[in-house]
Amino acid sequence: MRIAVGSDHAGYELKEHLAAWLAESGHAVYDLGTHSTDPVDYPDYAAAVAQAVLDGRADRRAPLPRASRWRCRRARESAWPWSAGRTAAKCV
C-alpha cells in the first residue's frame, strides 16, 4: 500500500518512527515533511498529504500534527472532498 505521511515540527520524531515501521512492513511511504524539528505550519503539510491521495500517488494518508491534537481529530473526522472516502490514521 502507498501511504503519504506528514507532520508538523512537534510530530517529526513520531513521523520518522512511523515511516520507518511502515517501510519495514512493506509499504511504499511518501514522506512529505517536515524533515526537521524546526517550527513549521502544519496546514502546509496536511495539504501535501491530502493532495498525494487526490493525485493518486498514495492510497492512504497519515497526518501527524502533534502540536495540535484537535487538528488530527479534525483531519480524521472531516469529509475532505479530496480524500474520496479514505480515512486518516488515528491520533496518537
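Up top is the structure these notes are about.
A short tour of the structure in this document, coming up. (Residues numbered from 1 in each chain as written. Predicted model: local features only at pLDDT ≥ 70, side-chain atom pairs only at ≥ 80, totals over all residues. Heavy atoms only, no water.)

Residue position: Lys-15 is located in helix H1 (residues 12-24). A distance of 2.8 Å separates a polar atom in the side chain of Lys-15 from a polar atom in the side chain of Asp-31. When sequence neighbours within four positions are dropped, the list of residues in contact with Lys-15 reads Val-5, Gly-6, Ser-7, Asp-31, Gly-33, Thr-34, His-35 and Leu-64. (Helix = DSSP H or I, 4+ residues; strand = E, 2+ residues; numbered from the N terminus. Polar contact = N/O pair within 3.5 Å; in protein donor to acceptor, adjacent residues only side chain to side chain. Contact = heavy atoms within 4.5 Å.)

With 13 residues, helix H2 (residues 42-54) should reach 18 Å at 1.5 Å per residue; the first-to-last C-alpha distance of 18 Å fits that figure. Taken residue by residue, H2 has Tyr-42, Tyr-45, Ala-46, Val-49, Ala-50, Ala-52 and Val-53 as its buried positions. Each buried residue of H2 lies within a common arc of 150 degrees when the element is viewed along its axis, so the set occupies one face. (Expected span 1.5 Å × (residues − 1). Buried < 20%, exposed > 50% of the residue type's maximum accessible area, 1.4 Å probe, protein only. Arc of directions from axis to C-beta.)

As a further point, take the pattern of salt bridges. Close approach of charged atoms allows side chains of opposite charge to pair. Following the criterion strictly, the structure yields 4 salt bridges and no others. The salt bridge partner of Lys-15 is Asp-31, with a shortest N-O separation of 2.8 Å. Note that Lys-15 is positioned in helix H1 and Asp-31 in strand S2 (residues 28-31), a separation of 16 residues in sequence. Judged by its relative accessible area of 0%, Lys-15 is buried. For Asp-31, a relative accessible area of 28% corresponds to the partly exposed category. For Arg-57, the salt bridge identified is with Asp-55, shortest N-O distance 3.5 Å. The class for Arg-57 is partly exposed, based on a relative accessible area of 36%. Assessed through its relative accessible area of 44%, Asp-55 is described here as partly exposed. Linked through salt bridges whose partners overlap, the residues forming this network are Lys-15, Glu-16 and Asp-31. (Salt bridge = Lys/Arg side-chain N within 4 Å of Asp/Glu carboxyl O.)

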